[in-house]
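Coordinate analysis (summary)
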Amino acid sequence: MSVTSPPYYGLRDYGVDGQIGLEHSPTEYLSRLVDVFREVRRVLAPDGVLFLNIADSYAGSGKGADGCDIKRRYHYMSGNPALEMPKTWEGIKQKDMLGIPWALAFALRADGWYLRSDIIWQKTNAMPHSVKDRPISSYEHIFLLAKSKSYYFDYTTLEEPVAEGTKQRYKRGFGMNKYAGGAPGQSAQTINKRGNKDLPIPEKRRGRDIWSFPTSPLRGIAHFAAYPVELAARCILAGSRPGDIILDPFFGSGTTGVAALMLGRKYIGIELNPEYLPIAEERLKPLQSTTFNSEEGGLPYESEYAKTAYPAGIAD
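Residues numbered from 1 in each chain as written. Predicted model: local features only at pLDDT ≥ 70, side-chain atom pairs only at ≥ 80, totals over all residues. Heavy atoms only, no water.

Okay, the pairing of strand S9 (residues 266-269) next. Relative to S9, strand S8 (residues 245-248) runs parallel, the two being bridged by 4 bridges. When the sheet's bridge partners are listed, Ile-245 is paired in S9 with Lys-266. Of the crossover connections in this fold, the one passing from S8 over helix H6 (residues 255-262) to the parallel S9 is right-handed. (Pairing = 2+ DSSP bridges. Helix = DSSP H or I, 4+ residues; strand = E, 2+ residues; numbered from the N terminus. Right-handed = clockwise from strand over helix to strand, strands pointing away.)

What follows is the structure, given as structure tokens:
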């Protein structure tokens, strides 16, 4: 499987030849990402999936595209490629939202991917912003895409505790439930079972498509674009088996690799910027020879070792 977050459009000059994100039009940016993910699809196993984290950008106000919070936009000196980007495009006015996430999702679907889910990552500690003419952005998209019609997905890893109110309705035999007479399409036999007060009360429910957890800046490391280990771990648990290889074509500081090792997987990371290699190595080295058991003391990425053994930490 693959878990990744490519550079967002118009937000930062990484100073590397071949970088993605400073193209002269959103169309060119999307085309290059489609090319990258076509190769990702090619190397995935037939039942492989891709979790793709992406956020939107705005048409520029004179300083390059006006970006989102987590992948911070920098203020550049004159002559920097980020400042040379066009500020508007055909059909896109200054200050317009570009619609990058869904445009990318549709482009990947047209290229052969199966578009299966749009997961909303709600950032519970979203950064403040000086903008006063729109709400502050506090979420990003995580698209679930599959190589084939049938693919590996372990829904049990995303299950959530059942709300106390739901448990009470079970105890009352669903008398207060809106589907007390049966949900659409249910058989009479199923309806009768649901009305039985002796029916076991479930402790978990299927996972939803809104994930709420904080961003996780890397302490003491000059790389602001990393997503949290928890996000990568949640994707890896749902989309892979122990021992599988996890691919990240935009490896950056190595977050996907950290989560993969903690969960008993292997990883392949690809990164153009050589400055991030020592950062990733420093985070990954303590985990290379460590064995984690998710049945002992909670999930691996919640362990005390994981929180203290490498500089990046897990979450603030």
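Relative to the assigned elements, Ser-240 resides in the loop between helix H5 (229-239) and S8. With a relative accessible area of 1%, Ser-240 lands in the buried category. There is a polar contact of 2.7 Å between the side chain of Ser-240 and the backbone oxygen of Ile-236. Those residues in contact with Ser-240, other than ones at most four positions away along the chain, are Met-1, Tyr-152, Ile-246 and Arg-265. (Buried < 20%, exposed > 50% of the residue type's maximum accessible area, 1.4 Å probe, protein only. Polar contact = N/O pair within 3.5 Å; in protein donor to acceptor, adjacent residues only side chain to side chain. Contact = heavy atoms within 4.5 Å.)

A few words on unusual backbone geometry. Located in the positive-phi region is Lys-95, a residue other than glycine, with phi close to 80°. Tracing the sequence through the fold places Lys-95 in the loop between strand S2 (49-54) and helix H2 (100-110). Assessed through its relative accessible area of 52%, Lys-95 is described here as exposed.

Moving on: the packing of aromatic side chains. This model, assessed by the stated rule, comprises 8 aromatic pairs. With centroids separated by 5.3 Å and ring planes inclined at 40°, the aromatic side chains of Trp-102 and Phe-106 adopt a geometry described as tilted. Taken as a pair, Trp-102 and Phe-106 lie in helix H2 at a separation of 4 residues, close to a single helical turn. Above the ring of Trp-211, the side-chain terminus of Arg-234 is found at 5.1 Å from the ring centroid. Its guanidinium or amino end placed over the ring of Tyr-152, Arg-241 lies 4.0 Å from that ring's centre, counting from NZ or CZ. (Phe/Tyr/Trp six-rings, centres within 6.5 Å; stacked < 30°, edge-to-face > 60°. Lys NZ or Arg CZ within 6 Å of the ring centre and 35° of its normal.)

So, about the pattern of salt bridges. All told, the structure shown has 12 salt bridges when counted by the stated rule. Between Glu-140 and Lys-123 there is a salt bridge, with the nearest N and O atoms lying 3.3 Å from each other. Remark: Lys-123 occurs in strand S3 (residues 114-123) and Glu-140 occurs in strand S4 (residues 139-146); sequence separation between them is 17 residues. Among the residues examined, Glu-140 registers a relative accessible area of 1% and is labelled buried. For Lys-123, a relative accessible area of 4% translates into the label buried. Taken together, the shared-partner salt bridges connect Asp-35, Arg-38, Arg-41 and Asp-111 into one network. (Salt bridge = Lys/Arg side-chain N within 4 Å of Asp/Glu carboxyl O.)

Val-3, Phe-51, Ile-142, Trp-211 and Ile-236 are the most contacted members of the largest nonpolar core, which has 32 residues in total. Secondary structure elements with two or more residues in this core: S2, S3, S4, strand S7 (210-213), H5, H6 and helix H7 (277-284). Considering each element in turn, this core owes the most residues, 8 residues, to H5. Here Ile-142 is in contact with Phe-51, Leu-52, Asn-53, Ser-117, Asp-118, Ile-119, Trp-121, Trp-211, Leu-231 and Cys-235, once residues within four sequence places are set aside. Counting residues in hydrophobic clusters, the runner-up holds 30 residues, among them Val-34, Leu-98, Leu-104 and Leu-145. (Core = buried A, V, L, I, M, F, W, Y, C linked by side-chain atoms within 4.5 Å.)

This part takes up the environment of Ile-210. Assignment of secondary structure puts Ile-210 in strand S7. For Ile-210 and Ile-142, which are 68 residues apart along the polypeptide, the C-alpha to C-alpha distance reads 9.7 Å. Residues contacting Ile-210, with those up to four places away along its chain left out, are Ile-120 and Gln-122.

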